[in-house]
Amino acid sequence: MTGGTEDERRTWAAAAARHFSHEGPLVEVRLPEQMGEALKKPRGVVFIPDVTRLTSSAQGLIVRCLQTQEERPKIVVGLSGLVEQARSKGTLREDLLYRLHRAQVDLTAEGMREVLAQYRARLATEEAARKAEAERLAAEKAAQMKASGVSMKNSRMRSKVAPRATSPKVTRG
């Protein structure tokens, strides 16, 4: 995935993770030492915000994963600049570019920013609806508990009808 801001690339990765939610969570990799562990997982979505910030050996781990692992996470690789620029600077491995060539997304293409903005707005609306529903259910549950004579206090349930027995005071003399 090339171009766009890191936040736009992250939004794209979040969309992929949401699409493959049955596969597992989104894992963001920023440091070379995080790469090996993230790629060992057979499921999930691994997001690399800018692959050119990783070492050549960390990029090699991605290539090896793509070549050899039958069960592997989905991998979303971001690149902040242009592919040709990264190639000429030597910050993007040729073998990695070859492996990723079939599935490229250019976030600078016309209309992509609008699509991402619409997606973010939809996610925000869905999150607000989920939060409102959770609050409604919590209020409903609290009302049911109050109606049955149970109150919540200090995270422990107590009945208003039958007070908790107290232990006798022990003194040493």
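Residues numbered from 1 in each chain as written. Predicted model: local features only at pLDDT ≥ 70, side-chain atom pairs only at ≥ 80, totals over all residues. Heavy atoms only, no water.

**Side note on the packing of helix 2 (residues 32–40) against helix 3 (residues 56–68)**
Contact geometry for helix 2 and helix 3: axes closest at 9 Å, N-to-C directions at 15 degrees. Between helix 2 and helix 3, the angle falls in the class roughly parallel. Note that helix 2 runs across helix 3; the crossing there is left-handed. Contacts between helix 2 and helix 3 involve Pro 32, Met 35, Gly 36 and Leu 39 from the first element and Ala 58, Leu 61, Ile 62 and Cys 65 from the second. Looking at the contact of helix 2 with helix 3, its residues break down into seven nonpolar, one polar and no charged. (Axes fitted to C-alpha atoms, helices over the stretch in contact; angles between N-to-C directions. Helix = DSSP H or I, 4+ residues; strand = E, 2+ residues; numbered from the N terminus. Parallel < 35°, antiparallel > 145°, perpendicular 65-115°, else oblique. Left-handed = near helix turned anticlockwise from the far one by under 90°. Contact = heavy atoms within 4.5 Å. Nonpolar A, V, L, I, M, F, W, Y, C, P; charged D, E, K, R; others polar.)

**Things to note about the nonpolar core**
Counting 21 residues, the largest nonpolar core has Ile 48, Val 51, Ile 62, Ile 75 and Leu 92 as its most contacted members. Within the residue set of this core, elements represented by two or more residues are helix 2, strand 2 (45–48), helix 3, strand 3 (74–77), helix 4 (83–89) and helix 5 (94–100). The greatest single-element share of this core, amounting to five residues, is contributed by helix 3. Those residues within four positions of Val 51 in sequence are excluded, and the remaining contacts are Gln 59, Ile 62, Val 77, Gly 78, Leu 79, Thr 91, Leu 92 and Leu 96. In this structure, Met 1, Ala 16, Ala 17 and Val 76 belong to the second largest nonpolar core, which totals seven residues. (Core = buried A, V, L, I, M, F, W, Y, C linked by side-chain atoms within 4.5 Å. Buried < 20%, exposed > 50% of the residue type's maximum accessible area, 1.4 Å probe, protein only.)

**Side note on the packing of aromatic side chains**
Taken as a whole and assessed by the stated rule, the structure comprises zero aromatic pairs. Stacked on the ring of Phe 20, the Lys or Arg Lys 74 has its end atom at 5.0 Å from the ring centre. (Phe/Tyr/Trp six-rings, centres within 6.5 Å; stacked < 30°, edge-to-face > 60°. Lys NZ or Arg CZ within 6 Å of the ring centre and 35° of its normal.)

**Comments concerning the environment of Glu 70**
Note on placement: Glu 70 falls in the loop between helix 3 and strand 3. What makes Glu 70 exposed here is its relative accessible area of 82%. As a C-alpha pair, Glu 70 and Pro 42 span 28 residues in sequence and 8.5 Å in three-dimensional space.

**Looking at the environment of Arg 30**
With respect to the helices and strands, Arg 30 occurs in the loop between strand 1 (26–28) and helix 2. For the pair formed by Arg 30 and Pro 49, sequence separation is 19 residues and the distance between their alpha carbons is 6.9 Å. Setting aside anything within four residues of it in sequence, one finds Arg 30 in contact with Glu 6, Arg 10, Pro 49, Arg 53 and Leu 54. At a separation of 3.0 Å, a polar atom in the side chain of Arg 30 contacts the side chain of Glu 28. (Polar contact = N/O pair within 3.5 Å; in protein donor to acceptor, adjacent residues only side chain to side chain.)

**Observations regarding the pairing of strand 3**
The sheet contact formed by strand 2 and strand 3 spans four bridges and is parallel. Residue pairing for strand 3: Val 45 is matched across the bridge by Lys 74. For the crossover that starts at strand 2, traverses helix 3 and ends in the parallel strand 3, the hand is right-handed. (Pairing = 2+ DSSP bridges. Right-handed = clockwise from strand over helix to strand, strands pointing away.)

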